[in-house]
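Each chain, letter by letter, is given below.
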Amino acid sequence: MEIRTLTRAEEEIMRILWQLKKAFVKDILAEMPEPKPAYNTVSTIIRILEKKEVVGYNAYGKTHEYFPLISEEEYKRFEMKQLMVNYFDNSLPNLVSFFVKDNDLKTKDLDEIMKLINDHKNEQ
């Protein structure tokens, strides 16, 4: 299965499905912030997510219970790879350099990053 980038609306619904694990359209709608979209709007977006093969469903008569076919972790990994390829020449040092230079990282943040790097080194 090929993962594709989701629109903001699709991502919002996926975040709710990842949280709920499985849900009917009314359950998804209940979790959405105000102003809530129309029921038909959510239903249409869910069908698009089905076509993109990131959402599956169980049918109970005419009612469908939806569930994610990909994990949130898989989608994050996909989006990070896209970010790396599209904006940082597929270079992790370029990505880190961008965040260090352009995000006014505090010493505490840098220390945390260094700890993560050192922990990773020690695991290998």
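Residues numbered from 1 in each chain as written. Predicted model: local features only at pLDDT ≥ 70, side-chain atom pairs only at ≥ 80, totals over all residues. Heavy atoms only, no water.

An unreviewed UniProt entry lists the protein chain under the name BlaI/MecI/CopY family transcriptional regulator, from Dyadobacter pollutisoli. The Sequence similarities (unreviewed entry) field of the UniProt record for the protein chain holds the comment "Belongs to the BlaI transcriptional regulatory family." (UniProt positions renumbered as here; feature names shortened; annotations may be inferred.)

## Considerations on the overall build of the protein chain
Along the backbone of the protein chain there are 6 helices and 2 strands. For the protein chain, the α and β elements follow one another from N to C terminus as α-α-α-β-β-α-α-α. At 19 Å, the protein chain has a C-alpha radius of gyration far larger than the 14 Å of a compact globule built from 124 residues. Along the first, second and third principal axes, the C-alpha set of the protein chain runs to 55 × 35 × 25 Å. The 124 residues of the protein chain split such that 25% are buried. Contacts spanning at least 24 positions in sequence make up 50% of the contacts within the protein chain whose residues lie at least 6 apart. If you sum the accessible surface of the protein chain, you get close to 9200 Å²; carbon and sulfur atoms cover 54% of it. (Helix = DSSP H or I, 4+ residues; strand = E, 2+ residues; numbered from the N terminus. Rg over C-alpha atoms; globule rule 2.2 N^0.38 Å. Buried < 20%, exposed > 50% of the residue type's maximum accessible area, 1.4 Å probe, protein only. Contact = heavy atoms within 4.5 Å. Areas by Shrake-Rupley, 256 points an atom, 1.4 Å probe, with all protein chains shown as cover.)

## Description of the packing of aromatic side chains
One pass over the full model with this rule turns up 5 aromatic pairs. Here the aromatic residues Trp18, Tyr75 and Phe78 are joined through ring pairs into a cluster of three or more. (Phe/Tyr/Trp six-rings, centres within 6.5 Å; stacked < 30°, edge-to-face > 60°.)

## Quick notes on helix α3 (residues 39–51)
End to end, α3 covers 19 Å across 13 residues, agreeing with the expected 18 Å (1.5 Å per residue, within 8%). Within two residues after α3, Glu53 carries a phi angle of roughly 60 degrees, on the positive side. (Expected span 1.5 Å × (residues − 1).)

## A word on the pairing of strand β1 (residues 55–60)
As judged from the 6 bridges shared by β1 and strand β2 (residues 63–68), these two strands associate in the antiparallel manner. Paired with Val55 across the strands is Pro68, a residue of β2. Connecting β1 to the next strand, β2, in antiparallel fashion are 2 residues, including Gly61 with a positive phi near 65 degrees. (Pairing = 2+ DSSP bridges.)

## Overview of the nonpolar core
Ile13, Met14, Leu17, Ile28, Val42 and Leu49 are the most contacted members of the largest nonpolar core, which totals 22 residues. Of all the secondary-structure elements, those providing two or more residues to this core are α1 (8–20), α2 (25–31), α3 and α4 (72–87). Counting residues per element, this core draws most heavily on α1, which supplies 5 residues. (Core = buried A, V, L, I, M, F, W, Y, C linked by side-chain atoms within 4.5 Å.)

## Some words on the packing of α1 against α3
Put simply, α1 and α3 touch, their axes get as near as 10 Å, and they point 85 degrees apart. Judged on the interaxial angle alone, α3 and α1 are roughly perpendicular. Together, Ala9, Glu10, Ile13, Met14 and Leu17 of α1 and Val42, Ile45, Ile46, Ile48 and Leu49 of α3 make up the contact between the two elements. Each residue belonging to the contact of α1 with α3 can be placed in one class, and the counts come to 9 nonpolar, no polar and 1 charged. (Axes fitted to C-alpha atoms, helices over the stretch in contact; angles between N-to-C directions. Parallel < 35°, antiparallel > 145°, perpendicular 65-115°, else oblique. Nonpolar A, V, L, I, M, F, W, Y, C, P; charged D, E, K, R; others polar.)

## So, the environment of Asn40
Relative to the elements of secondary structure, Asn40 occurs in helix α3. Classification of Asn40 as exposed rests on a relative accessible area of 57%. Between the C-alpha atom of Asn40 and that of Leu110, which follows or precedes it by 70 residues, the distance is 46 Å.

## Digging into helix α5 (residues 92–102)
Residue Ser91 occupies the N-cap position of α5, its side-chain oxygen lying 3.1 Å from the main-chain nitrogen of Asn94. Where α5 ends, the next residue or the one after it, Asp104, has phi of about 45 degrees, a positive value. (Polar contact = N/O pair within 3.5 Å; in protein donor to acceptor, adjacent residues only side chain to side chain.)

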